[in-house]
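# Survey of secondary and tertiary structure
Below are the chains, spelled out letter by letter.
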Amino acid sequence: MERYELIIVGAGPVGLAAGIEAKRAGLEFLILEAGTICQSLVEYPIGMRFYSPADELAIGGYPFPTPHDEKPTRELALNYYRKVASAECLPIRTYERVERIERVADGFLLQTIRLPHQRRGQYHAQCVLVCTGVWGTPRRLSVEGAELPHVLLRYDEPLRFWRKRVLIVGSGNSAGEAAIRLADADAYVWLAVEPPTLEQCKFRPFILREVLLRVEEGCIRPLTEARILRIQPDCVDLRCAQGVESLPVDFVLTLIGLQPDRSLLEPLGVPFDEDGKPLHDPETYETPVTGLFVAGALSRDSFIYIARERVRNAIAAIAHRVRAC
Ligand SMILES: Cc1cc2nc3c(=O)[nH]c(=O)nc-3n(C[C@H](O)[C@H](O)[C@H](O)COP(=O)(O)OP(=O)(O)OC[C@H]3O[C@@H](n4cnc5c(N)ncnc54)[C@H](O)[C@@H]3O)c2cc1C
């Protein structure tokens, strides 16, 4: 069995930043990744633009130039992180999902499953840093019909919805942005939000502006104070400020938030707060399980520029722990 001082679970932007710091700290480490590097970003909508400027997405001190200083698209960000991971020669095993972490006397045992052959792997680590993000577990509506195949939890290419009737459910940026992009792809869009007005949604100002513009043009039809009652194969029953409606739809796109996957941490006894985030020391990012750390979106740091700084503290604490052994 392979043994390491540190195993990092997840090679998203924060797992990569952690790897760079671990390398600089001289740790013997390995990164295990369920998909390819930055798998979450790979699954973001095609052409999606980040809200943050490039310098806030950069990691490891590598500059991230973009044409005309524009905010980066998904494609530019993927290209950037690929180059950084390659330049650093980070030891990453892709398509190897960590299925289980067990506490043993001198550290942790990690059980993995490798694609494409579903072979099982086992590793030992003195410390584990879990950077698995939240992208993999979108929230579902808890109504009848929420599991039907035309109810989608994410989308990739807006053109898939060309001239289709789509009900988008959600009051956050992802829902607002999807409404804009699908309307621009000539879909017939309803946007069902909880608040009484679009202005009260959690949209960034530029998203609100673009949504309101399309509402005025009749390309997005808003349904406020909306509550989905039931989803049927060809229509959605809902209550909203306009009354009770039965909307004929081809697709329902529910973008109502993401939640952390608890399956690795909960069996180890890590407690979660009311927002579903694992409890951890705010300085070192160590959970109440000694030697088990969390970072990135999983830990509550949902902006990369914050997480990349704080992961340094976690790696410093890990290096200190390993050297003390
Ligand atoms: C639409 C959208 C726009 C955003 N815009 C911005 C922005 O403008 N600025 C900003 O700072 N942030 C933005 N974010 C948030 C940002 O993308 C995340 O904070 C960032 O990706 C978090 O990085 P991470 O490494 O913690 O998690 P992730 O990027 O989610 O990476 C987690 C990795 O762990 C892997 N993994 C999961 N489970 C396992 C397992 N069991 N075993 C092995 N590997 C596993 C996944 O495959 C994935 O590669 C945005 C997010 C979304 C959804």
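Conventions we followed
Residues numbered from 1 in each chain as written. Predicted model: local features only at pLDDT ≥ 70, side-chain atom pairs only at ≥ 80, totals over all residues. Heavy atoms only, no water. Domains from an automatic or database assignment. Buried area = accessible area lost by both parts, 1.4 Å probe. Salt bridge = Lys/Arg side-chain N within 4 Å of Asp/Glu carboxyl O. Helix = DSSP H or I, 4+ residues; strand = E, 2+ residues; numbered from the N terminus. Expected span 1.5 Å × (residues − 1). Buried < 20%, exposed > 50% of the residue type's maximum accessible area, 1.4 Å probe, protein only. Arc of directions from axis to C-beta. Contact = heavy atoms within 4.5 Å. Pairing = 2+ DSSP bridges. Axes fitted to C-alpha atoms, helices over the stretch in contact; angles between N-to-C directions. 1 Å grid on protein atoms, 1.4 Å probe; cavity = no way out; pocket = protein on both sides within 12 Å on 5 of 7 lines; lining within 4 Å. Points joined across faces, edges and corners; volume = space filled by probe spheres on them. Nonpolar A, V, L, I, M, F, W, Y, C, P; charged D, E, K, R; others polar. Right-handed = clockwise from strand over helix to strand, strands pointing away.

## Here we look at the domain arrangement of the protein chain
- Split into domains, the protein chain comes out as domain 1 (2–136 + 258–324) and domain 2 (151–254).
- The C-alpha-based centres of domain 1 and domain 2 are spaced at 33 Å.
- With both sides pooled, the region where domain 1 packs onto domain 2 buries about 850 Å², and carbon together with sulfur makes up 48% of that total.
- Among the residues of domain 1 in contact with domain 2, P45, I46 and Y51 are the three that bury the most area, contributing 65% of the side total.
- The interface formed by domain 1 and domain 2 includes 1 salt bridge.
- Linking R154 and E43 is a salt bridge whose minimum nitrogen-to-oxygen distance equals 3.3 Å.

## Points about helix α6 (residues 205–216)
- In this model, α6 (12 residues) spans 17 Å end to end at C-alpha, consistent with the 16 Å of a helix rising 1.5 Å per residue.
- Inspection of α6 places I207, L208, V211 and R214 among the buried residues, and these make up the whole buried set. Down the axis of α6, the sector holding all buried residues measures 130°, keeping them to one side. Of the exposed residues in α6, those oriented more than 90 degrees away from the buried face are P205, R209 and E216.

## Examining the environment of R163
- By the element assignment, R163 lies in the loop between β7 (151–152) and β8 (165–169).
- Residues R163 and C325, 162 residues apart in the sequence, show an inter-C-alpha distance of 63 Å.
- In contact with R163, not counting residues within four places along its chain, are A185, D186, A187 and Y188.

## Some points on helix α4 (residues 74–87)
- Counted at 1.5 Å a residue, the expected span for α4 with its 14 residues is 20 Å, and the 20 Å between its end C-alpha atoms agrees.
- Within the span of α4, buried status applies to R74, A77, L78, Y80, Y81, V84 and A85. Mapping the buried residues of α4 onto a view down its axis gives an arc of 165°, with all of them on the same face.
- Contact partners of the buried residues in α4: α1 (13–24), α2 (39–42), α3 (54–57), β3 (92–93) and α7 (304–324).
- Two residues or fewer past α4, C89 is found with a positive phi of approximately 50°.

## Details of the sheet that holds strand β11 (residues 227–231)
- Reading across from one edge, β11-β12-β13 is the order of the 3 strands in this open sheet, with antiparallel pairing throughout. In this open sheet, the two edge strands, each paired with only one partner strand, are β11 and β13 (243–248). The sheet shows a mean angle of 20° between the axes of neighbouring strands, direction not considered.
- As paired strands, strand β12 (residues 235–240) and β13 are joined by 6 bridges and run antiparallel to one another. Following the sheet pairing, C240 is matched in β13 by G243.

## Overview of the layout of surface pockets
- Here the second largest pocket defines a volume of roughly 200 Å³.
- Forming the boundary of the second largest pocket are G47, M48, R49, F50, Y51, K71, E177, I180, R181, F206, I207 and E210.
- Only α5 (173–184) and α6 provide two or more residues apiece to the lining of the second largest pocket.
- Along the lines of polarity and charge, the residues of the lining of the second largest pocket split into 6 nonpolar, 1 polar and 5 charged.
- Each of domain 1 (2–136 + 258–324) and domain 2 (151–254) gives at least three residues to the lining of the second largest pocket.

## Description of the pairing of strand β10 (residues 220–223)
- Bridge count between strand β9 (residues 188–192) and β10: 4 bridges; the pairing is parallel. Each residue of the ladder has a partner; that of W190, found in β10, is R221.
- In the classification by handedness, the crossover that spans β9, the intervening α6 and the parallel β10 is right-handed.

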